Amino acid sequence: MAILSDAATQVLVPLAAVVGIAFAVAQWVLVSRVKLSPSARGGARDKDVLGESLIEEEEGLNDHNVVVRCAEIQNAIAQGATSFLFTEYQYVGIFMSIFAVVIFVFLGSVEGFSTRGHPCTYSKDRECKPALFNALFSTVSFLLGAVTSVVSGFLGMKIATYANARTTLEARKGVGKAFITAFRSGAVMGFLLASNGLLVLYIAINLFKLYYGDDWEGLFESITGYGLGGSSMALFGRVGGGIYTKAADVGADLVGKVERNIPEDDPRNPAVIADNVGDNVGDIAGMGSDLFGSYAESSCAALVVASISSFGVNHDFTGMCYPLLVSSVGIIVCLITTLFATDIFEIKAVKEIEPALKKQLIISTALMTVGIALISWLALPAKFTIFNFGEQKEVSNWGLFLCVAIGLWAGLIIGYVTEYYTSNAYSPVQDVADACRTGAATNVIFGLALGYKSVIIPIFAIAVGIYVSFTIAAMYGIAMAALGMLSTIATGLSIDAYGPISDNAGGIAEMAGMSHRIRERTDALDAAGNTTAAIGKGFAIGSAALVSLALFGAFVSRAGVKVVDVLSPKVIIGLVVGAMLPYWFSAMTMKSVGKAALEMVEEVRRQFNTIPGLMEGTAKPDYANCVKISTDASIRQMIPPGALVMLTPLVVGTLFGVQTLSGVLAGALVSGVQVAISASNTGGAWDNAKKYIEAGASEHARALGPKGSDCHKAAVIGDTIGDPLKDTSGPSLNILIKLMAVESLVFAPFFATHGGILFKLF
């Protein structure tokens, strides 16, 4: 028996979630103390500011016009982001409603919409709830996951647009103040998402339990809809937001920086507001939904396997909730870790920013290792059994601890390898920057080579994690390794959201006409954020690989597939097609960015050519039209890639059956992880190579610059090519492999009963 009682578990899980939400609110209150109104600063007339004003006058601390301009720009960015998300959610809402009906009809038809109970799949001597009610509860959990994902992304976007100008204003006082504001704002998103995801899942389990009672097999099978809902919304958020942000970014860069030779966030550039809006809808709302989907799916995969193991058979609620307890400990650990960045270690210089963010990863991983050991000892019996493809495998609590820990540390390794290949502090990116001396072509060649090479160590880390965790605890071990990688999701998201907030802060500083010194500070914040964003994508892709494999195992078990034989023609055709899907999907998303960017470039050129006085700064550009172009293009272009991912499992499972679908899932997993890592890292390297030349922080960098030189223009072209790779195709691919796997698991009963129509006919 476990030391921790069921009653204690019922208290600890929601308590950790509530503490996380309270901490997020507290961080938001601290950020809101930075006022966006001139009267709040009071200038030299305010007694509280009088002492500082003499020292900080040169930074424009008392310039009321700057504060007003910052507030106006922030308002324009916030309105653009809100408008896009509401438009996107209208389309997504229609899809959500239709797909909910599809889930109900397909799963309800497994037993002809019967309201009679049926023998359980894994315990034939027991009776489980009717398939019709499983269909109903799966539909409800799908809608719950979708709504939670949407709310998580929207809340993240709101706090980011609330904090960007505040970060700019704090940069006048010093880089440390600006860092704390940006990081606290990221923490609001990180803790809200992690806590809301845990709390909603916990409440759903307890409510469903009122109906299911002792039928834990049916209960946790229906809960898998929660992961499907989360990832469905993440797909559209990532693809739609990615197309939006890169269309604006490419348009702004190609016309502004290359053709017109003006700074990146110059207010004369018509695409500049759309570019800043894109940072929020793509990198904040999209990333939030993406990592929420990973968390929901890994939790669901672990719960499904646990429900047919000794935890489910013996109705051990505490053991059953072990995945939720790991996430609960993660929230508390991340809370402590955040205090190191905001309260314990003070940032005083630009060079301290990136090390401070990296310390967050190390501290959270080290503390979480201790937390996992503690909760494994308290919540798990010394010995228990785990379902392993029709058999029960005996596992010890320390073995399961090792599974979670190996996922956690594999995530840290992937994060550091990603940083090495994407940060301009190391030789790979510096080599890419050096290649710009001979033009854009060599820059592109070096960048592609870097991306391919960066795949090697993460894949070995994932492979070792898979082997060890599967050997110890079968598919449950892999699911828990994935959850281990995501256990510090609050810290990961805080670091990730910090990047776009800092990027926006730099753009606002440029548009508001603030001093060069302020812009240098915001650029330093942004450069560190660029690397951490790449680290966040590495975490997302690594966890997606483990989550997909765990879901694949659950699907194979649920669909009654004894062996997936790669020499079988049914399986091998699935493998080949599945391996092709990431390329098809990438082609669609890349071309979508290209089409949207083409419209943006033409509009920006038109405004520069037809608006008198625009280049001279005496006339204002039409920002709203560029925002509209990005919005319309991204909404229109996100539908085909989304349809490809959502329809593939349904079509393959229905027409060709579970064997072929198993091949498709395996092929997509193996191929998708490689393409996603290389695309994300190539794009990140090109971006930071450009920033390396622009910053001119070393003798080598100054020899390649300055801004506007041929070398810099070659770097901008590389960055422009990399934008859709790192912010649209790469990050979206991890959703492709997760989403197809969880969708297959949800529809497994239907495919097992009615699938393979074509093979039955011929």
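Per an unreviewed UniProt entry, the protein carries the name H(+)-exporting diphosphatase and comes from Panicum virgatum. The UniProt entry for the protein carries the following comment under Subcellular location (unreviewed entry): "Endomembrane system".

(A) Empty space enclosed by the protein, seen in detail. All told, the structure shown has 11 cavities of 30 Å³ or more when counted by the stated rule. Considered as a void within the structure, the second largest cavity measures approximately 150 Å³ in volume. Per-element accounting of the lining of the second largest cavity gives the leading share, four residues, to helix α18 (residues 516-558). When the residues that make up the lining of the second largest cavity are grouped by side-chain class, the tally is 10 nonpolar, four polar and three charged.

(B) The arrangement of unusual backbone geometry in detail. One non-glycine residue, Asn261, adopts positive backbone phi at about 55°. In this fold, Asn261 is placed in the loop between α7 (216-259) and α8 (272-307). You can call Asn261 partly exposed: its relative accessible area is 49%. Of note, His315 is a non-glycine position whose phi angle comes to about 55°, a positive value. Topologically, His315 is positioned in the loop between α9 (310-313) and α10 (317-320).

(C) Geometry of the side chain of Thr168. Note on placement: Thr168 falls in helix α5 (residues 131-170). What makes Thr168 buried here is its relative accessible area of 0%. A polar contact of 2.9 Å, which involves the side chain of Thr168, links it to the backbone oxygen of Ala505. Once residues lying within four places of it in the same chain are set aside, the contact partners of Thr168 are Cys70, Ala505, Ile508, Ala509, Met514 and Ile518.

(D) The nonpolar core, seen in detail. Counting residues in hydrophobic clusters, the biggest one holds 223 residues, and the most contacted among them are Phe179, Tyr322, Ile353, Tyr476 and Phe555. Considering each element in turn, this core owes the most residues, 21 residues, to helix α6 (residues 175-212). In contact with Phe179, not counting residues within four places along its chain, are Ala341, Ile347, Ile353, Ala356, Leu357, Tyr498 and Leu525. If you look at the next biggest cluster of nonpolar residues, it comprises 20 residues, including Val429, Cys436, Ala679 and Ile693.

(E) Spatial organisation of the side chain of Ser671. Inspection of the secondary structure assignment puts Ser671 in helix α22 (residues 658-695). A relative accessible area of 10% places Ser671 in the buried class. Among all residues touching Ser671, those that are not within four sequence positions of it are Ala579, Pro582 and Tyr583.

(F) Just the pattern of salt bridges, in detail. For the coordinates displayed, the defined rule picks out 25 salt bridges. Between Arg519 and Glu510 there is a salt bridge, with the nearest N and O atoms lying 3.3 Å from each other. On the basis of relative accessible area, Arg519 is assigned to the buried category, the value being 13%. Under the relative-accessibility criterion, Glu510 is labelled partly exposed at 23%. Through salt bridges with shared partners, one network takes in Lys246, Asp249, Asp526, Asp687, Lys690, Lys691, Asp719, Asp723, Lys726 and Asp727.

(G) Examining the packing of α8 against helix α17 (residues 489-511) more closely. For the pair α8 and α17, the least separation of the axes is 10 Å and the interaxial angle reads 175°. Judged by the angle between their axes, α8 and α17 are roughly antiparallel. Facing α8, whose interface residues are Val272, Ile273, Asn276, Asp279, Asn280, Asp283, Ile284, Met287, Gly288, Leu291 and Tyr295, α17 presents Ile489, Leu493, Asp496, Ala497, Pro500, Asp503, Asn504, Gly507 and Met511.

(H) Local environment of the packing of helix α4 (residues 64-108) against α7. The interhelical angle for the contact between α4 and α7, taken along N-to-C directions, is 145°, at an axis separation of 11 Å. Both α4 and α7 take part in a crossing whose hand is right-handed. Contacts from Phe84, Glu88, Val92, Phe95, Met96, Phe99 and Ile103 in α4 reach Leu228, Ser232, Met233, Phe236, Gly237, Gly240, Gly241 and Tyr244 in α7. Taken together, the residues that form the contact of α4 with α7 break down as 10 nonpolar, four polar and one charged.

Thresholds applied
- The numbers attached to residues start from 1 for each chain and follow its sequence in the written order.
- At least 70 in pLDDT is required for a residue's local features to be given in this predicted model, at least 80 for side-chain atom pairs to be given and counted, and no such filter applies to totals for whole chains, interfaces and linings, which use all residues.
- Side-chain calculation: all heavy atoms of the structure are included, whereas hydrogens and water are not.
- UniProt positions are given in the numbering used here, feature names are shortened, and annotations may be inferred rather than shown by experiment.
- Whether a set of points on the 1 Å grid over the protein atoms alone is a cavity depends on a 1.4 Å probe fitting there but being unable to get out, while an open set qualifies as a pocket with protein on both sides within 12 Å along at least five of seven lines; lining residues are those with an atom within 4 Å of a point.
- Grid points are joined across faces, edges and corners, and a volume is the space filled by probe spheres set on the points.
- Here a strand is any run of E in DSSP of at least two residues, a helix any run of H or I of at least four, and the numbering for each starts at the N terminus.
- Residue polarity is assigned by list, with Asp, Glu, Lys and Arg as charged and Ala, Val, Leu, Ile, Met, Phe, Trp, Tyr, Cys and Pro as nonpolar; anything else, Gly included, falls into the polar class.
- When accessible area is computed with a 1.4 Å probe and restricted to protein chains, residues below 20% of their type maximum are described as buried, those above 50% as exposed, and intermediate ones as partly exposed.
- Under the rule applied, a polar contact is a pair of N or O atoms within 3.5 Å (in protein, one hydrogen donor and one hydrogen acceptor; residues adjacent in sequence only if both atoms are side-chain atoms).
- Residue contacts are defined here by distance: any two heavy atoms, one from each residue, within 4.5 Å place the two residues in contact.
- In this description, a nonpolar core means a group of buried Ala, Val, Leu, Ile, Met, Phe, Trp, Tyr and Cys residues linked to one another through side-chain atoms lying within 4.5 Å.
- Salt-bridge detection follows one rule: a side-chain nitrogen of Lys or Arg within 4 Å of a carboxyl oxygen of Asp or Glu.
- Axes here refer to lines fitted to C-alpha atoms; in helices the fit is confined to the stretch in contact. Angles between the N-to-C directions go from 0 to 180 degrees.
- Under this scheme an angle from 65 to 115 degrees is roughly perpendicular, one under 35 degrees roughly parallel, and one over 145 degrees roughly antiparallel; angles in between are oblique.
- Rotating anticlockwise by less than a right angle from the far helix to the near helix defines a left-handed crossing, while the corresponding clockwise rotation defines a right-handed one.

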